[in-house]
There are 2 protein chains.
Amino acid sequence: MSSRVHNFNAGPASHPLPVLEGIQAEFLDFKGSGMSVVEVSHRSKTFEEVIEDAAARVRRLLQLDDTFHVLFLQGGASLQFAMVPMNLLPEGRSADYVNTGTWATKAIKECTIQGKMANVVASSEDKGFSYIPKEISFSPEAAYAHITSNNTIKGTQWTSFPDTGGVPLICDMSSDIMSRAFDAAPFGLIYAGAQKNLGPAGVTLVIVRQDMLERVPKDLPTMLKYSTYVAHSSMFNTPPCFAVYTIHLVLKWLEETIGGLDKMEEINREKADLLYRTIDTSEFYRGTAETESRSVMNVTFRLPTEDLEKQFVQEAAQHGLIGLKGHRSVGGCRASIYNATSLEAVKALVGFMEEFARKNG
Amino acid sequence: MSSRVHNFNAGPASHPLPVLEGIQAEFLDFKGSGMSVVEVSHRSKTFEEVIEDAAARVRRLLQLDDTFHVLFLQGGASLQFAMVPMNLLPEGRSADYVNTGTWATKAIKECTIQGKMANVVASSEDKGFSYIPKEISFSPEAAYAHITSNNTIKGTQWTSFPDTGGVPLICDMSSDIMSRAFDAAPFGLIYAGAQKNLGPAGVTLVIVRQDMLERVPKDLPTMLKYSTYVAHSSMFNTPPCFAVYTIHLVLKWLEETIGGLDKMEEINREKADLLYRTIDTSEFYRGTAETESRSVMNVTFRLPTEDLEKQFVQEAAQHGLIGLKGHRSVGGCRASIYNATSLEAVKALVGFMEEFARKNG
């Protein structure tokens with residue numbers, strides 16, 4: 001029997017082991033139905049309970065009031081880059097965007113490609129996206145202000161969300177949703193591809209505030225209108241059932257085993273602190289993000305040479321520490337430590353890092 | 001230990017048992033990676049082999065030449081209803097549509113909602129969509145001709161595909177793809193939501209002919225352009241990995257255990273013949289589709305009264321025969337007998353039907 005590794009993948013990423021074991025156990029017989037979860041009708045009571053409970057758990061965990069709708073879509077955050085302006089940016093108005101790296105840049109591109117006005121009010125491109133901009137002047141007349149809560153590639157994260165003076169915030173939270181508690185009130189829409197903190201690739205969580213729906217143009221294709229998913233409780237057509245089912249189990253784990261977002265944030269902070277401390281107290285490792293903007297989810301760092309980085313990633317893998325290579329666009333090293341990555345895994349990584357530095361420093 | 005039922009669901013639907021068992025066996029440790037298939041990177045060699053082999057198997061099974069691209073998208077056939085005209089129907093031209101029921105009607109709607117010209121050249125609405133129209137006059141100048149190969153709700157199916165005089169056929173094959181062999185040459189594009197004959201909900205197979213790509217407008221959102229999926233081998237962003245992985249295993253089963261599409265068609269025909277014979281030789285059951293247009297995938301029938309239909313569905317479920325209720329829009333009964341529904345399951349159903357007729361006829 002082969003053993004499970006410590007998984008630091010950036011996404012798709014680590015899942016809680018009890019969740020995976022639960023899925024495995026009932027894979028041929030979902031809740032006594034005599035069918036696999038992939039074989040039951042999405043209109044069955046059994047599945048409807050799953051998707052409804054998943055939405056209810058999102059609502060509880062994020063303390064969303066009734067003005068918010070919790071939806072499950074397909075197409076990843078990449079489709080949301082397009083759907084947000086398509087639905088929420090009316091003709092003749094403009095939207096503010098903060099550019100904190102690759103994903104924000106893509107969001108801006110999908111707005112302008114539609115011939116719509118994306119106003120880049122702040123950017124950290126001047127320093128290679130190594131920080132989150134501060135003191136931003138948002139436009140009071142903007143239709144919305146778009147931010148990316150966490151940059152997986154550069155390892156930066158908004159530690160608190162900016163004051164837009166009442167302009168609805170739209171946020172891509174793909175890589176840090178459910179990693180911490182926050183006040184949802186200023187957000188018009190939040191979206192998150194599932195494959196980092198929520199579950200498997202193939203489903204996108206969208207949280208939209210009721211007042212945003214008034215903007216949705218009537219002549220959009222049905223599958224590209226947020227209002228369709230609201231009207232049909234995310235079941236206008238067959239949803240990605242297995243991914244929704246897995247999210248449901250991950251959220252259950254988060255509520256019932258971890259104990260909610262405050263507790264999750266505490267654990268996440270402990271994991272990140274441990275790693276950053278290892279980096280900061282070493283002459284060998286060097287963090288790439290500015291200290292104040294450091295991500296609690298993706299810890300990016302460099303070694304003295306690229307050869308050593310290559311060796312580091314390889315030797316780590318031999319020690320069962322997987323996924324430590326930086327994003328192909330920037331190189332270096334990266335440890336993604338989402339909710340499901342245990343403190344134990346981070347301790348194993350830190351032990352390896354210290355040993356590696358000693359041998360090669 | 002509870003036993004598996006015979007699953008006649010219309011979709012999500014039955015999967016081959018060996019496929020489910022294989023997934024279950026390696027769910028905590030995918031190909032010796034020490035990770036679940038939902039945890040490995042989509043950019044890993046392990047996953048790339050899966051998606052590439054899935055595409056290669058589609059190509060072999062359907063005998064597609066190099067002019068076709070095999071793609072995996074999200075959003076179901078419902079998103080394809082919109083993407084087809086968005087990508088392939090240039091301004092100022094019109095497309096022919098054949099209306100054979102609910103799904104075709106939706107495809108037409110998503111074309112016209114974009115302000116594009118959908119020319120309905122034939123319809124079977126006059127007889128409640130109980131047949132497939134014949135001798136259709138397609139427009140020689142149409143950008144494409146759209147058909148729905150099988151109507152899951154009314155139980156009708158094109159037994160052979162129409163001659164459009166060279167106009168590219170576009171076909172929604174969601175409910176009968178891989179159930180039989182056919183000549184792909186006349187098709188400009190084929191799409192199929194996976195959850196009937198291919199695997200779990202959450203992935204859509206799209207097969208597009210190279211010459212169609214020249215029509216794709218440059219200013220479409222990236223995720224809505226077929227050319228994006230071609231350029232990035234379906235990995236512009238994270239694909240729905242688990243669904244693709246399952247499709248891959250289903251296609252492997254189809255090639256290696258069943259022995260390809262000719263063999264599959266033979267089995268499917270045997271299953272359908274058995275059911276239709278039971279209906280036709282009975283005074284109790286009545287088929288709803290015209291004989292020549294009967295579907296090999298979805299066998300729709302009525303009983304003398306609605307009360308008896310209700311009782312039939314309930315008692316069948318007690319006998320482990322699941323999913324026999326007709327679509328909520330039409331009522332009656334329906335047995336969906338996709339590839340993964342075994343001859344044994346159909347024999348069990350036929351036995352039950354005969355017994356039920358004897359008791360209640």
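Note that the coordinates shown come from a computational prediction; the quantities given were computed from them, not determined experimentally.

Criteria and thresholds
- Each chain carries its own residue numbering, running from 1 in the written order of its sequence.
- Ligands are numbered from 1 and chains lettered from A, in the order in which they are written.
- Thresholds applied to this predicted model are a pLDDT of at least 70 for local features of residues and 80 or more for the giving and counting of side-chain atom pairs; totals over whole chains, interfaces and linings are not thresholded and use all residues.
- Note that the side-chain values use all heavy atoms of the structure and ignore hydrogens as well as water.
- Helix and strand definitions here come from DSSP, where helices need a minimum of 4 consecutive H or I residues and strands a minimum of 2 consecutive E residues; each element is numbered from the N-terminal end.
- Radius of gyration: C-alpha atoms only; globule rule: 2.2 Å multiplied by the number of residues to the exponent 0.38.
- The classification of residues rests on relative accessible area computed with a 1.4 Å probe and restricted to protein chains. Under 20% of the type maximum is buried, over 50% is exposed, and intermediate values are partly exposed.
- Accessibility throughout is a Shrake-Rupley quantity obtained with a 1.4 Å probe, and a residue counts as covered only by protein chains that appear here.
- Domain ranges listed in this record stem from an automatic or a database domain assignment.
- In this description, buried area is defined as the sum, over both parts, of the accessible area (probe of 1.4 Å) that is lost when the two are combined.
- Salt bridge, as used here: a side-chain nitrogen of Lys or Arg that lies within 4 Å of a carboxyl oxygen of Asp or Glu.
- Pairs of N or O atoms are called polar contacts if they sit within 3.5 Å, as long as, within protein, a hydrogen donor faces a hydrogen acceptor (for residues adjacent in sequence, only side-chain-to-side-chain pairs).
- Strands pair, by our definition, only if DSSP identifies at least two bridges between them.
- Axis angles are defined between N-to-C directions and span 0 to 180 degrees, where every axis is a line fitted to C-alpha atoms and, for a helix, only to the segment in contact.
- Here a residue-residue contact requires only that any non-hydrogen atoms of the pair lie within 4.5 Å.
- Nonpolar cores are built from buried Ala, Val, Leu, Ile, Met, Phe, Trp, Tyr and Cys residues. Side-chain atoms within 4.5 Å join them into one set.
- When the copies are superposed, the least-squares fit draws on C-alpha atoms of residues that have pLDDT of at least 70 in both.
- In the scheme used here, Gly and all other residues not listed as nonpolar or charged are polar, with Ala, Val, Leu, Ile, Met, Phe, Trp, Tyr, Cys and Pro taken as nonpolar and Asp, Glu, Lys and Arg as charged.
- What counts as a ring pair is set by centres within 6.5 Å for rings of Phe, Tyr and Trp (its six-membered ring), and what kind of pair is set by the plane angle: stacked under 30 degrees, edge-to-face over 60, tilted for all other angles.
- Any Lys NZ or Arg CZ that is within 6 Å of a ring centre and within 35 degrees of that ring's normal is treated as a charge sitting over the ring.

Trainee: Just checking my understanding: could you explain the overall build of chain A for this structure?
Mentor: Counting its regular elements, chain A contains nine helices and 14 strands. Whereas a compact globule of 361 residues would reach a radius of gyration of roughly 21 Å, chain A reaches 21 Å, a difference of no more than 12%. Here the C-alpha coordinates of chain A stretch approximately 65 × 55 × 30 Å along the principal axes. Put simply, chain A has 361 residues, and 64% of those count as buried. Summed over its atoms, the accessible surface of chain A is roughly 13700 Å², and 48% of this surface lies on carbon and sulfur atoms.

Trainee: Looking at this structure, I do not really get the domain arrangement of chain A. What am I missing?
Mentor: Accessible area lost upon the coming together of the parts is a frequently used measure of interface size. All names here are of chain A. When the domains of chain A are assigned, the result is domain 1 (18-258) and domain 2 (260-360). Distance between the C-alpha centres of domain 1 and domain 2: 27 Å. Between domain 1 and domain 2 lies a buried interface of about 2200 Å² when both sides are counted; carbon and sulfur atoms form 53% of it. Across the domain 1-domain 2 interface, the total number found is two salt bridges. One salt bridge connects Glu-290 with Lys-127, and the closest N-O pair in it is separated by 3.8 Å. Counting the contacts that link domain 1 with domain 2 gives 14 residue pairs in polar contact (both at pLDDT 80 or more).

Trainee: Which parts of the structure should I look at to understand the sheet that holds strand E5 (residues 145-148) of chain A?
Mentor: Strand pairing in a sheet is mediated by backbone hydrogen bonds. Such pairs are either parallel or antiparallel. All names here are of chain A. Taken together, seven strands build an open sheet; the order of strands is E2-E10-E9-E8-E5-E3-E4 and the sheet is mixed. Of all the strands in the sheet, the pair left with one neighbour each is strand E2 (68-73) and strand E4 (117-123). Averaged over all neighbouring strand pairs, the angle between strand axes comes to 20°, with direction disregarded. In the sheet, strand E8 (residues 169-172) pairs with strand E9 (residues 187-193) via four bridges, with the strands oriented parallel. When the bridges of E9 are listed, Leu-169 appears paired with Phe-187. Its contacts with the sheet place helix H4 (residues 102-112) against strand E3 (94-99), E4, E5, E8 and E9, and it is angled at close to 160° to E3.

Trainee: I'm lost on the sheet that holds strand E11 (residues 286-287) of chain A in this one. Help?
Mentor: Residue and element names in this part refer to chain A. Spatial strand order, E11-E12-E14: three strands in an open sheet with antiparallel pairing. Looking at which strands have only one partner, the edges of the open sheet turn out to be E11 and strand E14 (333-336). Here E11 runs beside strand E12 (residues 298-302); their pairing, made up of two bridges, is antiparallel. Bridging across to E12, Gly-287 finds its partner in Phe-301.

Trainee: Looking at this model, I keep getting lost on the environment of Ala-317 of chain A. Mind explaining?
Mentor: Residues and elements named next belong to chain A. In this fold, Ala-317 is placed in helix H8 (residues 306-318). You can call Ala-317 partly exposed: its relative accessible area is 37%. Counting along the chain gives 311 residues from Ala-317 to His-6, while the straight-line C-alpha distance between them is 9.1 Å.

Trainee: I tried to follow the nonpolar core on my own but got confused; where do I start?
Mentor: One finds Phe-72, Met-178 and Phe-242 of chain A together with Phe-72, Met-178 and Phe-242 of chain B to be the most contacted residues of the largest nonpolar core, which totals 128 residues. When neighbours within four sequence positions are excluded, Phe-242 of chain B is seen to be in contact with Phe-27, Val-38 and Phe-242 of chain A together with Ile-23, Phe-27, Val-37, Val-38 and Pro-200 of chain B. Core analysis: the next-biggest nonpolar cluster, separate from the first, contains 66 residues, Leu-71, Phe-81, Leu-89 and Met-223 of chain A among them.

Trainee: Mind showing me how you'd approach the relation of the copies chain B and chain A here?
Mentor: Here the two chain copies are tied together by a rotation about an axis and a shift along that axis. In the superposition of chain B on chain A (RMSD 0.0 Å, axial shift 0.0 Å), the rotation amounts to 180°. Both copies are brought into coincidence by an operation consistent with a two-fold rotation axis. Interface residue correspondence from chain B to chain A reaches 98%, placing this contact among same-surface, isologous pairings.

Trainee: Please explain the pairing of strand E9 (residues 187-193) of chain B as it appears in this structure.
Mentor: Both faces of the sheet carry side chains from a regular strand, because those side chains alternate between them. All names here are of chain B. The buried count for E9 comes to seven of seven residues, which makes it a mostly enclosed element. Of the pairings in the sheet, the one linking E9 to strand E10 (residues 204-209) comprises five bridges and is antiparallel in character. Along E10, the bridge assignment pairs Leu-189 with Val-208.

Trainee: Looking at this structure, how should I read the interface of chain B and chain A?
Mentor: With 63 residues of chain B in contact, the opposing surface of chain A contributes 62 residues. Of the roughly 4800 Å² buried where chain B meets chain A, counting both sides, 58% is carbon and sulfur surface. Of all residues in chain B, Gln-24, Leu-28 and Glu-39 of chain B bury the most surface against chain A, accounting for 13% of the area lost on that side. Linking chain B with chain A are two salt bridges. A salt bridge links Glu-39 of chain B to Arg-4 of chain A, with the shortest nitrogen-to-oxygen separation between them at 2.7 Å. Our count for the chain B to chain A interface comes out at 21 residue pairs in polar contact (both at pLDDT 80 or more). Those elements that place two or more of their residues in the side of chain B that touches chain A are helix H1 (17-25), helix H3 (76-88), helix H4 (102-112) and helix H6 (241-258) of chain B. Of the residues in the side of chain B that touches chain A, the class split is 29 nonpolar, 23 polar and 11 charged.

Trainee: I keep staring at the environment of Gly-351 of chain B and nothing clicks. Help me out?
Mentor: With respect to the helices, strands and loops of the structure, Gly-351 of chain B is situated in helix H9 (residues 343-360). Here the alpha-carbon distance between Gly-351 of chain B and Thr-278 of chain B, two residues 73 residues apart in the chain, equals 9.3 Å.

Trainee: How should I be thinking about the pattern of salt bridges in this particular structure?
Mentor: Opposite charge on two side chains makes pairing possible when the charged atoms of those side chains draw close. Evaluated as defined, the whole model comprises 31 salt bridges over all chains. Within the structure, one salt-bridge network assembled from shared partners comprises Asp-53, Arg-57, Arg-60, Lys-252, Glu-255 and Glu-256 of chain A.

Trainee: Please explain the packing of aromatic side chains as it appears in this structure.
Mentor: Aromatic ring pairs are described here by two measures, namely the spacing of the ring centres and the angle between the planes. Applying the stated criterion across every chain, the model contains 35 aromatic pairs over all chains. Seen from their ring centres, Phe-284 of chain A and Tyr-285 of chain A are 5.0 Å apart, and the 85° between their planes marks the pair as edge-to-face. For Tyr-285 of chain A, a relative accessible area of 4% gives the class buried. Aromatic rings pair up to connect Phe-27, Phe-30, Phe-242 and Tyr-245 of chain A together with Phe-27, Phe-30, Phe-242 and Tyr-245 of chain B into one cluster. If you follow Lys-127 of chain A out to its NZ or CZ, it ends over the ring of Tyr-131 of chain A, 5.7 Å from the centre.

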